[in-house]
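Structural overview for review
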Amino acid sequence: MDAPVPVRAPLNLHVPEPPQRPGSEIDFSTLAVPPAGTARRPETDCPAADMTDLAYDLVRVLDDQGHAVGPWDPALGPDMLMRGLRSMMTVRAYDERMQRAQRQGKTSFYMKCTGEEAVAVAQAMAVDRNDMLFPTYRQQGLLIARDWPLVDMMCQVFSNAGDRLKGRQMPVFYSSREAGFFSISGNLGTQYSQAVGWAMASAIKGDSRIAAAWIGEGATAEGDFHHALTFASVYRAPVILNLVNNHWAISSFHGIAGGERTTFAARGLGYGIPSLRVDGNDFLAVFAATRWAAERARANLGPTLIELFTYRAAAHSTSDDPAKYRPENAGALWPLGDPIDRLRQHLIALGIWSEAKQEALAQEVTETVQAAGKEAESLGTLDKGPFHSARTMFEDVYKTMPWHLERQRQQAGV
Ligand SMILES: Cc1ncc(C[n+]2csc(CCOP(=O)(O)OP(=O)(O)O)c2C)c(N)n1
């Protein structure tokens with residue numbers, strides 16, 4: 001006879017819930033933020049197994065007074081710091097302008113990166129101009145830091161006659177071979193394994209270029225993330241695997257993507273990939289960590305995973321209203337501050353900047369963006385045109401147009 005089945009307490013499924021919802025005060029008091037300058041900086045050939053602490057720590061350089069402290073200080077000169085500040089301010093002004101254009105009906109959609117400007121800008125500056133970048137839709141700062149024309153970016157958002165993608169892609173899905181900026185795809189995560197493949201190809205060919213890829217913490221739940229890490233580790237691909245943890249994937253908080261009991265950086269360790277966790281709002285820390293990873297890749301030491309710890313201060317997109325799922329003003333209360341403010345404070349602490357100069361630069365950047373906006377709008381907007389000919393819709397599906405597409409084109413009379 002079978003033993004009697006014991007009576008047990010019922011199981012219950014754990015479904016992670018964000019600590020606050022709309023209507024309550026935002027509370028970041030449980031967030032562990034180590035002081036700047038305390039994380040150690042290992043040699044670039046340090047194996048993953050000896051870097052466990054850094055996957056849970058937080059690399060920070062700028063302290064609360066705006067001083068650069070600790071072993072990760074990249075000791076950048078004034079020119080680089082100014083370039084960084086200007087680019088980040090341009091990104092923010094660009095975002096403001098394009099968001100407004102969407103509200104005015106000149107385009108259907110837009111996505112800001114408010115609060116995350118240091119990620120793309122510092123990282124673009126820390127790699128070589130000819131290294132290949134595999135972004136998500138929230139790295140417009142890569143193009144801006146590479147001095148890619150704002151007008152060209154705006155034409156893509158307006159899907160106008162000047163759009164190099166001929167209106168085929170959603171707004172903000174830029175593509176620029178010349179800028180080393182891989183075509184953005186709507187399918188989350190796909191670029192991560194593609195970047196690893198590109199880096200493997202670079203190594204196979206004996207080239208010296210490296211790749212860098214970005215993914216959001218939400219998208220790390222996609223299989224592509226795991227394929228990418230496996231291939232990167234196995235073949236020691238020269239790639240920087242950036243993981244932007246801005247705490248939200250639309251309305252889902254990071255806990256639902258696996259961030260409740262561990263860090264996202266810690267995921268790299270299981271694959272044998274050296275992994276860093278970095279204050280994503282600290283321009284200097286982001287730059288230094290990226291340089292470190294680039295040095296590793298260039299020395300054939302393989303991939304690095306960098307978790308950029310930041311906060312999505314604005315809405316997910318123009319189709320989103322964060323007031324429906326998180327307390328208002330959450331972004332402004334982020335304990336790690338605003339990346340632009342922190343770099344400005346650093347320049348002032350260095351004695352090479354002032355509030356007056358900051359205001360003048362803000363004015364100049366706004367005017368530059370305004371002028372670009374006018375020029376792009378003169379080439380068309382989504383509500384009014386002009387657009388590319390409908391004929392272009394049938395082109396580039398294949399290298400040469402097959403007979404059945406040719407027939408469809410004729411049927412459409414274009
Ligand atoms: C494969 C796939 N699944 C779902 C979506 C819908 N989607 C678009 S953005 C997004 C959230 C992504 O969040 P995260 O990766 O954290 O990046 P963030 O938007 O915060 O920068 C989702 C679920 C998609 N585009 N592709």
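Here is a short report on the structure shown in this document. (Residues numbered from 1 in each chain as written. Predicted model: local features only at pLDDT ≥ 70, side-chain atom pairs only at ≥ 80, totals over all residues. Heavy atoms only, no water.)

1. Let's talk about the overall build of the protein
Here is the rule: Note on conventions: DSSP H or I runs of at least 4 residues are helices, E runs of at least 2 residues are strands, and numbering of each starts at the N terminus. Only C-alpha atoms enter the radius of gyration; for comparison, a globular chain is expected to reach 2.2 Å times N to the power 0.38, where N is the number of residues. Exposure categories follow from relative accessible area, calculated using a 1.4 Å probe and restricted to protein chains: below 20% of the type maximum is buried, above 50% is exposed, and the middle band is partly exposed. Two residues qualify as a contact provided that any one of their heavy atoms is within 4.5 Å of a heavy atom in the partner residue. Accessible surface is estimated by sampling points in the Shrake-Rupley manner with a 1.4 Å probe; for residues, cover comes only from the protein chains shown.
What the protein contains, in helices and strands, is twelve helices and seven strands. A compact globule built from 414 residues would reach a C-alpha radius of gyration of about 22 Å, and the protein, at 23 Å, matches this within 12%. Judged by the C-alpha coordinates and their principal axes, the protein covers about 80 × 75 × 55 Å. Looking at the protein residue by residue over its 414 residues, the buried ones come to 53%. Long-range pairs, those at least 24 residues apart, make up 75% of the contacts in the protein between residues at least 6 apart in sequence. Of the roughly 18,900 Å² of accessible surface on the protein, 53% is carried by carbon and sulfur atoms.

2. Considerations on the packing of helix H2 (residues 78–103) against helix H3 (residues 117–126)
Short version of the rule: Lines fitted to the C-alpha atoms define the axes, with helices restricted to the stretch that makes contact. Angles between their N-to-C directions range from 0 to 180 degrees. The labels follow the angle: roughly parallel below 35 degrees, roughly antiparallel above 145, roughly perpendicular from 65 to 115, and oblique for the rest. Left-handed describes a crossing in which the near helix is turned anticlockwise from the far one by less than a right angle; the clockwise case is right-handed.
Relative to each other, H2 and H3 sit at 140°, their axes nearing to 9 Å. The pairing of H2 with H3 is recorded here as oblique in orientation. In this structure, H2 crosses over H3, and the sense of that crossing is right-handed. In this structure, H2 uses Met80, Arg83, Gly84, Ser87, Met88, Val91 and Arg92 to contact H3, whose residues at the interface are Glu117, Ala118, Val121 and Met125.

3. Observations regarding the packing of H2 against helix H5 (residues 150–158)
Where H2 contacts H5, the two axes come as close as 12 Å, and the packing angle between them is 30°. With respect to each other, H2 and H5 are oriented roughly parallel. Between H2 and H5 the crossing geometry is right-handed. Here Thr90, Tyr94, Arg97, Met98 and Ala101 of H2 come into contact with H5, specifically with Leu150, Met153, Met154, Val157 and Phe158.

4. Description of the environment of Trp248
Test applied: For this analysis, a polar contact is any N or O atom pair within 3.5 Å, provided that within protein one partner can donate a hydrogen and the other can accept it, and provided that sequence-adjacent residues contribute only side-chain to side-chain pairs.
Assignment of secondary structure puts Trp248 in strand S4 (residues 248–249). For the pair Trp248 and Ser159, spaced 89 residues apart in sequence, the C-alpha separation works out to 28 Å. Not counting residues within four places of it along the chain, the set of residues in contact with Trp248 comprises Pro18, Glu217, Phe253, Tyr311, Arg312, Tyr325 and Arg326. Polar side-chain contacts of Trp248 include one of 3.0 Å to the side chain of Tyr311.

5. As for the site of the ligand
Going by this rule: The cutoff for a nearby residue is simple: one of its non-hydrogen atoms must lie within 4 Å of the molecule or strand. For this classification, the nonpolar set comprises Ala, Val, Leu, Ile, Met, Phe, Trp, Tyr, Cys and Pro, the charged set comprises Asp, Glu, Lys and Arg, and every other residue, Gly included, is treated as polar.
Close to the ligand lie 15 residues; Tyr137, Arg138, Gly186, Asn246 and Trp248 are nearest. Interatomic distance of 2.9 Å between a side-chain N/O atom of Asn246 and an oxygen atom of the ligand. The separation between an oxygen atom of the ligand and a polar main-chain atom of Trp248 is 2.7 Å. Its free accessible area being 590 Å², the ligand has 71% of it covered by the protein chains. Here the shell around the ligand is composed, by residue class, of six nonpolar, six polar and three charged.

6. Topic: the side chain of Thr263
Relative to the assigned elements, Thr263 resides in the loop between strand S5 (252–253) and helix H8 (266–270). Side-chain polar atoms of Thr263 contact the backbone oxygen of Ala55, separated by 2.7 Å. Excluding residues within four positions of it along the chain, Thr263 makes contact with Ala55, Tyr56, Arg277 and Glu307.

7. Concerning unusual backbone geometry
Geometrically, the link from Gly385 to Pro386 is a cis peptide bond, its omega value of 0° lying close to zero. Relative to the assigned elements, Pro386 resides in the loop between helix H11 (355–378) and helix H12 (403–412). A positive phi is found at Asp147, a non-glycine position, where the angle reads about 60°. Inspection of the secondary structure puts Asp147 in the loop between helix H4 (140–145) and H5. For Asp147, a relative accessible area of 67% puts it in the exposed group.

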